[in-house]
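Next come the chains, spelled out residue by residue.
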Amino acid sequence: DPNNVADPGSISLPLGCAPAWKFPEAVDYLLTRNLTPELMMHHQLGFCPYGPYANRVVFPTFWKERIVGFVACSIVGEEAKYLFSKTLPRMFCF
């Protein structure tokens, strides 16, 4: 029952993460996945141009209107395609 789940708290997105729709390489990648710029904005998708999450689109996970975790997807074919935030509660994993 989602109403009986403990509050996981909130986190910040990775350092350097900015709106994905501001980066042509991120937009190009997301368009190939049928995500329009409107959907990118609505779901607050991010992009990290540098740092430990460089060249990754960031998909935030929300709970009660707060970011509680994220998944970062490589757009350049790195071996680790997906990186998950360490705080992503198990209840959101599938």
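Cut-offs used in this document
Residues numbered from 1 in each chain as written. Predicted model: local features only at pLDDT ≥ 70, side-chain atom pairs only at ≥ 80, totals over all residues. Heavy atoms only, no water. Phe/Tyr/Trp six-rings, centres within 6.5 Å; stacked < 30°, edge-to-face > 60°. Helix = DSSP H or I, 4+ residues; strand = E, 2+ residues; numbered from the N terminus. Buried < 20%, exposed > 50% of the residue type's maximum accessible area, 1.4 Å probe, protein only. Pairing = 2+ DSSP bridges. Contact = heavy atoms within 4.5 Å. Axes fitted to C-alpha atoms, helices over the stretch in contact; angles between N-to-C directions.

So, about the packing of aromatic side chains. The relative placement of two aromatic rings is captured by the distance of their centres and the angle of their planes. Taken as a whole and judged by the stated rule, the model has two aromatic pairs. Relative to Phe 47, the ring of Phe 23 lies with its centre 5.1 Å away and its plane at 45°, an arrangement referred to as tilted. Residue Phe 23 is found in the loop between β1 (18-19) and α1 (24-32), and its partner Phe 47 is found in strand β2 (residues 46-48); the two are separated by 24 residues along the sequence. Across the pair, Phe 47 and Phe 23 agree in class, each one buried. Judged by centre distance (5.4 Å) and plane angle (80°), the rings of Tyr 53 and Phe 70 are edge-to-face.

Another point: the sheet that holds strand β5 (residues 82-84). Working definition: the strands of a sheet are paired by backbone hydrogen bonds and lie parallel or antiparallel to each other. An order of β1-β2-β3-β4-β5 is seen for the five strands of this open sheet, with the pairing classed as antiparallel. With partners counted over all chains shown, the strands left at the sheet margins are β1 and β5, one partner each. Pairing between β1 and β2: two bridges, direction antiparallel. Residue pairing for β2: Ala 18 is matched across the bridge by Phe 47. This element, α1, spans β2, β3 (56-63) and β4 (66-74) of the sheet and lies at about 70° to β3.

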